[in-house]
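Listed below, chain by chain, are the residues.
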Amino acid sequence: MQSTAISFSPSISLPHPKKPTILSPSLKLDRFASPNGVFGSSTKRRLHLPVCCLSSSSSSNSSRLNGWISAPAPGLERESDGGFEVRATAVPESEDGAAAANAKLKDTLVLGSLFGMWYLFNIYFNIYNKQVLKVFPYPVTVTGIQFAVGTVFVTLMWTLNLIKRPKISGGQLLAILPLAVVHTLGNLFTNMSLGKVAVSFTHTIKAMEPFFSVILSAMFLGEIPSLWVVASLVPIVGGVGLASLTEASFNWAGFWSAMASNLTNQSRNVLSKKFMVKKEESLDNITLFSVITIMSFLLLAPVAIFMEGVKFTPTYLQSAGLNVRQVYIRSLLAALCFHAYQQVSYMILQRVSPVTHSVGNCVKRVVVIVTSVLFFRTPVSPINSMGTGVALAGVFLYSRVKRIKPKTA
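Reading the values: rules and limits
- Residues numbered from 1 in each chain as written.
- Predicted model: local features only at pLDDT ≥ 70, side-chain atom pairs only at ≥ 80, totals over all residues.
- Heavy atoms only, no water.
- Axes fitted to C-alpha atoms, helices over the stretch in contact; angles between N-to-C directions.
- Helix = DSSP H or I, 4+ residues; strand = E, 2+ residues; numbered from the N terminus.
- Parallel < 35°, antiparallel > 145°, perpendicular 65-115°, else oblique.
- Left-handed = near helix turned anticlockwise from the far one by under 90°.
- Contact = heavy atoms within 4.5 Å.
- Buried < 20%, exposed > 50% of the residue type's maximum accessible area, 1.4 Å probe, protein only.
- UniProt positions renumbered as here; feature names shortened; annotations may be inferred.
- Core = buried A, V, L, I, M, F, W, Y, C linked by side-chain atoms within 4.5 Å.
- Salt bridge = Lys/Arg side-chain N within 4 Å of Asp/Glu carboxyl O.
- Expected span 1.5 Å × (residues − 1).
- Arc of directions from axis to C-beta.

## Notes on the packing of helix 5 (residues 209-221) against helix 6 (residues 227-245)
At their nearest, the axes of helix 5 and helix 6 sit 9 Å apart, and the two run at 140 degrees to each other. By the angle class used here, helix 5 and helix 6 are oblique. The hand of the helix 5/helix 6 crossing is left-handed. Taken together, the residues of helix 6 that come into contact with helix 5 (itself represented by Pro210, Phe211 and Val214) are Val229, Leu233, Ile236 and Val237.

## Let's talk about the side chain of Ser244
In this structure, Ser244 sits in helix 6. A relative accessible area of 12% places Ser244 in the buried class. Not counting residues within four places of it along the chain, the set of residues in contact with Ser244 comprises Phe201, Phe250 and Phe255.

## Things to note about the UniProt feature "transmembrane region" (unreviewed entry) in the protein
Residues annotated in UniProt with the feature "transmembrane region" (unreviewed entry) correspond here to residues 109-128, 140-160, 172-190, 211-237, 286-307, 327-349 and 383-401. Structurally, residues 109-128 comprises 100% helix and 0% strand, and the distance from its first C-alpha atom to its last is 28 Å. Secondary structure content for residues 383-401 is 100% helix and 0% strand, while the C-alpha to C-alpha distance between its ends is 27 Å.

## Re the nonpolar core
By size, the foremost hydrophobic cluster in this structure holds 21 residues, and its most contacted members are Ile205, Met208, Ile236, Met259 and Tyr398. Going through the elements one at a time, helix 4 (199-205), helix 5, helix 6, helix 7 (252-275), helix 11 (354-376) and helix 12 (382-401) are the ones with two or more residues in this core. Those residues in contact with Met208 that lie beyond four places of it in its chain are Ile236, Val237, Val240, Met259 and Asn262.

## So, the pattern of salt bridges
Summed over all chains, the structure comprises two salt bridges. Overlapping salt bridges, with partners in common, bring together Lys206, Glu209 and Arg365 in one network.

## Quick look at helix 6
Here helix 6 is 19 residues long and its end C-alpha atoms lie 28 Å apart, about the 27 Å a rise of 1.5 Å per residue gives. Among the residues making up helix 6, those that are buried are Val229, Ser232, Leu233, Ile236, Gly239, Val240, Ala243 and Ser244. The arc enclosing the buried residues of helix 6, seen along the axis, measures out at 135 degrees, which places them on a common side. Turned more than 90 degrees off the buried face of helix 6, the exposed positions are Leu227, Val234 and Leu245.

## Thoughts on unusual backbone geometry
The backbone of Asn161 sits at a positive phi, close to 60 degrees, despite the residue not being glycine. Given a relative accessible area of 65%, Asn161 falls into the exposed group.

Right, dumping it as structure tokens:
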């Protein structure tokens, strides 16, 4: 809505108008003439009034301007010029539309940045992690170090109040414990696979996560998959099988470790739905991940010492002929990227739907496979590439058909 305002000096008298005068927003009168001459020979007044009418601040003229007046007039605005001016000025209707557009643009930029960081952290984690595991083949120790760094990171965030420290009851800890166990095993099996086979092959096998998700959900949650969901699993299984048959770095230890990682990771998702069901006991995703990280470190640290001993010392690394500084730096960077990409993943999940997050995860796997092949110069045959592509296409199809809800009678 546009409006125009007008104000008069009490010393100015106007002739009685014969009919109402309507001013358009573009109307400008620098010298508003009267029958007897020009108004305001000594001053120039800028007058503002709503577009539909003019109003006077002079009480003596109010009875003579009944056809004009519909609103009280604002105050005077004087200038040193010798004229009288009526000018229409536009008043913005509302800034809600512009504010909403700016907020939407800001949210889009933030979400895009989070996806970029998610992919970037994941790429660097896989590269640094693989470099460490190639020279230091102790996956339990490496996984324990990653949880230790994550525990320090979470503790600092809570201490500095960057993330609110949660108040957790004993009942919540008991409910979280199974999640922490399978989370620990899932990451341990992933590192075991990365230490045995190529990064690209590990992530190709991990593309079978939807297969395990459907099986476990049907077994423990009673969620019967639709025909479309079952059909989408066929290219996933077929693609992974084709890639496995032609993988240059294939060995059974790496293959079964990646499969075990799929099983434990999807068990975590099923347990989340089964145990964290009471709203009064539920935690947000980031807080839950932080607590699980600490619990995973406490669970795995004694196991690492018992199984592999204390081997991450400068003395042992030097005796093995390794560059201590290089191993430490890469292990630290891998651990930081490990915690960061999972933290960002949960931040994204708070902003988008699970289906959108699943699609983003599929794209992330493609990015990781391609970058790892290029960085490590992994030999890939055409049939192997086709198998990987078919499996990833099946994952994308699965994420789309999951949106299709069965019709209710």
